[in-house]
Amino acid sequence: MTGNRGFLVLGGGRQWRTIKGKPQPRNGHIWHFAQGLHPVCDLDALKKHYSYGHSLFTNFLRNPKFNFDTLPFPDTRITHYYDADPTVAVPFTEVFPGVQVARSLDEMLKEVDAVWMGDASGLGEDHFDLVAPGLAKGLPTFCDKPIGGTVAETRRILDFAKRHQAPIMSSSLYRHQWGTEEALRMKASGEFGPLQYVLCGQAGGWSYQSWFVYGQHPVWMCMALCGAGVKAVSMIAREATCRTWITYEDRMPAEVWYGRPDVAPTYCSTAATFAKKTYEWTPAINGNYWFGHHYQIFRMAHVFLKMAETRVEPVPHQEILEVTAILAAAAKSVNERSRLVELAEVLG
């Protein structure tokens, strides 16, 4: 793709808990994750409309000292912002000059090259309706995780994208951490022997409801490192912690520890054990969590841009589908005395 690339960003989902059903006025999965796609950011307007995020933008996201010699991405701009409530998009257009409020999906899709659908709720119940019009036109699309709230909805979106030959990407930031990329390099080199075990610890208190939202991240980490082909899943849960085992028929397992109490400062910690070495990491780079967070945001957007240019999907559809299925299988397991639930039971 050449020239000045135009993107439509979509505000997906609804805020969880007390304001469920209302649009997300400050959707961080757009304000943070997609900001590098636009050449200009008015930091004074940002302070007015989004004071909470101002320090992150000034210190890292829009700091020229930390732009990886790339940000903002060249020849790229956000042209339109769509939300079910148009007033929600107005502050974004003031912070990112040149962005227009999209009044309808069908009208604005005629003017863009790709679609970014950001959703900070983690529910995914409205994702198909938001991304289907763009997919039907073959537009490269980022669909935030969970790509679909259920296995059936996830498969529906993936099948729709395939039918219309539209490149689609869904991912967690965990997949784009510096440490994750390094672990994948170690795995590919073969220098340290085969991968023996993956353990991803996630901060925050586990609950059955939160598993479907925040459990996405560590499951995505395990999928990124171990790949698709999961055989069965088992979960045990007690108080505010759960342990989930992800097993394979042809390779060693992975484990999610959600509610790990000692990783709160960096949100998560992962260990990949090879035959000759265990490599451990957090999102932080040189001990700086926010710089590491900036890096994973940058890399996720960068991978998406590469897909928009090449139309080559960076994440296999089967991996995306199995992430949703693992979450469902683990929930089924914990409700049935933590038995080992085969993925086939929830994949249908």
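Residues numbered from 1 in each chain as written. Predicted model: local features only at pLDDT ≥ 70, side-chain atom pairs only at ≥ 80, totals over all residues. Heavy atoms only, no water.

Draft legend 1. Broad picture of the sheet that holds strand β13 (residues 341–342). In space, the seven strands of this open sheet follow the order β12-β11-β7-β10-β9-β8-β13, with mixed pairing throughout. With one partner strand each, in any of the chains shown, β12 (278–281) and β13 form the two edges of the open sheet. Note that strand β8 (residues 230–238) and β13 share two bridges and pair antiparallel. By the bridge assignment for β13, V233 is matched with V341. On the sheet, helix α10 (residues 216–226) packs against β7 (195–202), β8, β9 (241–248), β10 (254–258), β11 (268–274) and β12 and is oriented at approximately 160° with respect to β7. (Pairing = 2+ DSSP bridges. Helix = DSSP H or I, 4+ residues; strand = E, 2+ residues; numbered from the N terminus. Contact = heavy atoms within 4.5 Å. Axes fitted to C-alpha atoms, helices over the stretch in contact; angles between N-to-C directions.)

Draft legend 2. Representation of the packing of helix α6 (residues 127–136) against helix α7 (residues 151–163) within the structure. Axis separation between α6 and α7 bottoms out at 10 Å; the angle between their running directions is 10°. Overall, the two elements α6 and α7 adopt an arrangement that is roughly parallel. For the pair α6 and α7, contact is made by H127, F128, V131, A132, L135 and A136 and by E153, R156, I157, F160 and A161, respectively. Along the lines of polarity and charge, the residues of the contact of α6 with α7 split into eight nonpolar, one polar and two charged. (Parallel < 35°, antiparallel > 145°, perpendicular 65-115°, else oblique. Nonpolar A, V, L, I, M, F, W, Y, C, P; charged D, E, K, R; others polar.)

Draft legend 3. View of the packing of α10 against helix α12 (residues 317–335). Viewed as axis vectors pointing N to C, α10 and α12 meet at an angle of 130°, and their least axial separation amounts to 10 Å. Classified by the interaxial angle, the pair formed by α10 and α12 is oblique. Like other packed secondary-structure pairs, α10 and α12 cross with a definite hand, here right-handed. Residues Q216, V219, W220 and M223 of α10 pack against E319, I320, E322, V323, I326 and L327 of α12. Per-class residue counts for the contact of α10 with α12 are seven nonpolar, one polar and two charged. (Left-handed = near helix turned anticlockwise from the far one by under 90°.)

Draft legend 4. Spotlight on the packing of aromatic side chains. Overall, the coordinates contain 25 aromatic pairs when judged by the stated rule. Over the ring of F128 we find R156, and its NZ or CZ is 3.6 Å from the ring centre. (Phe/Tyr/Trp six-rings, centres within 6.5 Å; stacked < 30°, edge-to-face > 60°. Lys NZ or Arg CZ within 6 Å of the ring centre and 35° of its normal.)

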